[in-house]
Amino acid sequence: MKKSSNQVKDSNLEKELKICRAELKVLLDNVSSGVAIYEARDNGEDFIFTDFNHAAEQIDQIKKEEVLGKSVVDVFPGVKEFGLFDVFQKVWKTGRPQHHPVSVYKDERITGWRENRVHKLPSGEIIAIYDDVTENKRSELATRMSEQCFRAIANYTYDWEVWVSPSGRVLWTNPAVHRVTGYTPRELCLMPDYPKPVVYEADRDRIGRAFRSALRGSTGNDVQFRIERKDGNIIWAEISWQPIFDEEGNSLGHRESIRDITERKRTEQALRETEEKYRKLVSETVHGQNSSK
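Residues numbered from 1 in each chain as written. Predicted model: local features only at pLDDT ≥ 70, side-chain atom pairs only at ≥ 80, totals over all residues. Heavy atoms only, no water.

S.K.: Run through the environment of R117, naming residues and quoting values.
M.R.: Relative to the assigned elements, R117 resides in strand 4 (residues 111-120). Taking the C-alpha atoms as reference, R117 lies 6.2 Å from Y130; in sequence the two are 13 residues apart. (Helix = DSSP H or I, 4+ residues; strand = E, 2+ residues; numbered from the N terminus.)

Here is the structure:
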């Protein structure tokens, strides 16, 4: 018996949805950021885990099977005080993505600094992509210590750290500079026009303004830009900076903390592409059904 056009469309839709789900699963399984997916219950009064990737297991020290089907409030009792639960409700109601800035999450089981980005999926579920930035925050405390202690700690920090003098010259940078930019600490310290050589050309004016603002003693957080590595490759980064003073309040320059967020940007792009596929499939299905009536 020959299938109707609607049956063919439904069959194709089902196949496309399976492909989208498979792509999403690959995405979840291979990113370094924690990813948790929730289903809203009771008109957004609660959110139930429907997926939880391996990175999230490592960050939050809990197994996937221990959270699936459970309320986020039961698994993470500090989520409301943390402020993330309100973000879940806003994103679920409005459909607009939101960034929950770096904050301390704390309950009787775990404590740590977390940064979250929350989106709503076409299925109605919400997805949180988050990073554990505890080590980064700890390194910030090092600026209050002596230079010797600061360097001892920052040398083992994953993020790229830079100490810039009041005149704009690099005084010190940690070994992470080579991993992020391809330049050695010595090469960076000898750059007369830092940060221009390491910033992608299209972002130089904007980062130049931020750099001059930092030289004047300002504080900045989570400014995203592109780095042009020594080998010519372009990566995404996020920079925060804060002034450094001696005990008498005299300026010692400022400290920059730079994180490679290339993988996170790819994750967000892949998520947007997956969402677009879902929307297109749903739109085509609804249009097909209306046309057949």
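S.K.: Go over the sheet that holds strand 9 (residues 234-245) with me, naming the residues and quoting the values.
M.R.: Strand order in the open sheet formed by 5 strands is 7-6-10-9-8, with antiparallel pairing between adjacent strands. The two strands at the open ends of the sheet, each matched to only one other strand, are strand 7 (170-173) and strand 8 (220-228). Averaged over all adjacent pairs, the angle separating strand axes in this sheet is 30 degrees, with direction ignored. Looking at chain direction, strand 6 (residues 160-164) and strand 10 (residues 251-260) are connected through 5 bridges and run antiparallel. Bridge pairing in strand 10 places V164 opposite H254. Against the sheet, helix 10 (residues 204-215) engages strand 6, strand 8, strand 9 and strand 10, with an angle of about 135 degrees to strand 8. (Pairing = 2+ DSSP bridges. Axes fitted to C-alpha atoms, helices over the stretch in contact; angles between N-to-C directions. Contact = heavy atoms within 4.5 Å.)

S.K.: Which residues make up the nonpolar core, and what values do they have?
M.R.: Y38, F47, F49, V72 and F88 are the most contacted members of the largest nonpolar core, which totals 27 residues. Secondary-structure elements contributing two or more residues to this core are strand 1 (34-41), strand 2 (46-52), helix 2 (54-60), helix 3 (72-75), helix 4 (79-82), helix 5 (84-94) and strand 5 (126-132). Sort the elements by how many residues they give to this core and helix 5 lands first, with 6 residues. Filtering out sequence-adjacent residues up to four positions away, V72 remains in contact with Y38, D46, F47, F49, P77, V79, F85 and F88. In this structure, A176, Y183, M191 and I258 belong to the second largest nonpolar core, which totals 24 residues. (Core = buried A, V, L, I, M, F, W, Y, C linked by side-chain atoms within 4.5 Å. Buried < 20%, exposed > 50% of the residue type's maximum accessible area, 1.4 Å probe, protein only.)

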